[in-house]
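# Descriptive analysis of the structure
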Amino acid sequence: MATSKVTLIGINALSYGEFMICRPKTLLYLLDNSFRGVVENNPPQNAISSWLSIFNIKKTGFDKIEELPLIKLINPVLINVPISNPTYGTYSIKLDSNLPYQEEIDGVTKEILENIDNGPIIAGITALERLNDKSCEIYNAIDKMLLNVIRNVDEFIVFSPYGMKKGNTREPYGVYLSSRPRPNEHDTVKLWEIGQIFVDMVKGNNVQEDF
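Residues numbered from 1 in each chain as written. Predicted model: local features only at pLDDT ≥ 70, side-chain atom pairs only at ≥ 80, totals over all residues. Heavy atoms only, no water.

## Re the overall build of the chain
- Scanning the chain for helices and strands turns up eight helices and nine strands.
- Rg of the C-alpha trace for the chain: 15 Å, near the compact-globule value of 17 Å for 211 residues, within the 12% margin.
- Overall, the C-alpha framework of the chain stretches about 40 × 35 × 35 Å when taken along its three principal axes.
- In the chain, which comprises 211 residues, the proportion classed as buried is 54%. (Helix = DSSP H or I, 4+ residues; strand = E, 2+ residues; numbered from the N terminus. Rg over C-alpha atoms; globule rule 2.2 N^0.38 Å. Buried < 20%, exposed > 50% of the residue type's maximum accessible area, 1.4 Å probe, protein only.)

## Concerning the packing of aromatic side chains
- Within the structure shown, the criterion is met by two aromatic pairs.
- Seen in terms of ring centroids, Y16 and F19 are 5.7 Å apart; in terms of plane orientation they differ by 55 degrees. Their pairing is tilted. Here the residue Y16 and the residue F19 both occupy positions in helix α1 (residues 16-22), the gap between them amounting to three residues, near one helical turn.
- Classification of Y16 as partly exposed rests on a relative accessible area of 22%.
- Using a relative accessible area of 0% as the deciding quantity, one classes F19 as buried. (Phe/Tyr/Trp six-rings, centres within 6.5 Å; stacked < 30°, edge-to-face > 60°.)

## Here's the deal with the pattern of salt bridges
- Overall, the coordinates contain seven salt bridges when judged by the stated rule.
- For the salt bridge of K110 with E114, the shortest nitrogen-to-oxygen distance reads 3.0 Å. Here K110 pairs with E114, and both are found in helix α5 (residues 101-115), just four residues apart, close to one helical turn.
- A residue is classified by how much of its surface remains accessible, and E114, at 49% relative accessible area, is partly exposed. (Salt bridge = Lys/Arg side-chain N within 4 Å of Asp/Glu carboxyl O.)

Now the structure itself:
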């Protein structure tokens, strides 16, 4: 396995349109200087099934958490990953509105930086969705976390499985910003493709394998 430091950070309900309003410096820098795309995730959507699609690295079917293909292939450090409620990993929270956004972001940041040399990292941030709040304060806190993490890694993926909530539904398009290009330059990024890209990143592959 490659020794490079790699991280996958998923931010539920992160929306291109909303963060453009807030003008967060790191996200705007990544928008201009990294590979970008749009994650497609049509309704019905929820956090757990969306993230499980990434871990499954294929279009259909789910396994027990410890048997998911992504975990078996690269044995990542999991931090606050919303594939269960409470979230799964070395840092874990309940998926409700009780925890302040800064406490979640600080907890995730601490765990990422402490584990950055221990293997590939997969981490989640749920504040935008949990608190149903698109305020610039939350975006700016997330932005500072991303700067702190990305300056310490060799490769990264920052994504959202869908956009912000509008009424009873979520925007079917999320964010994809990465040191690796999306699989098809002229198409949206599918959830299971994110898992494939991350495996290639960890293994040092320049082309994606067929899982």
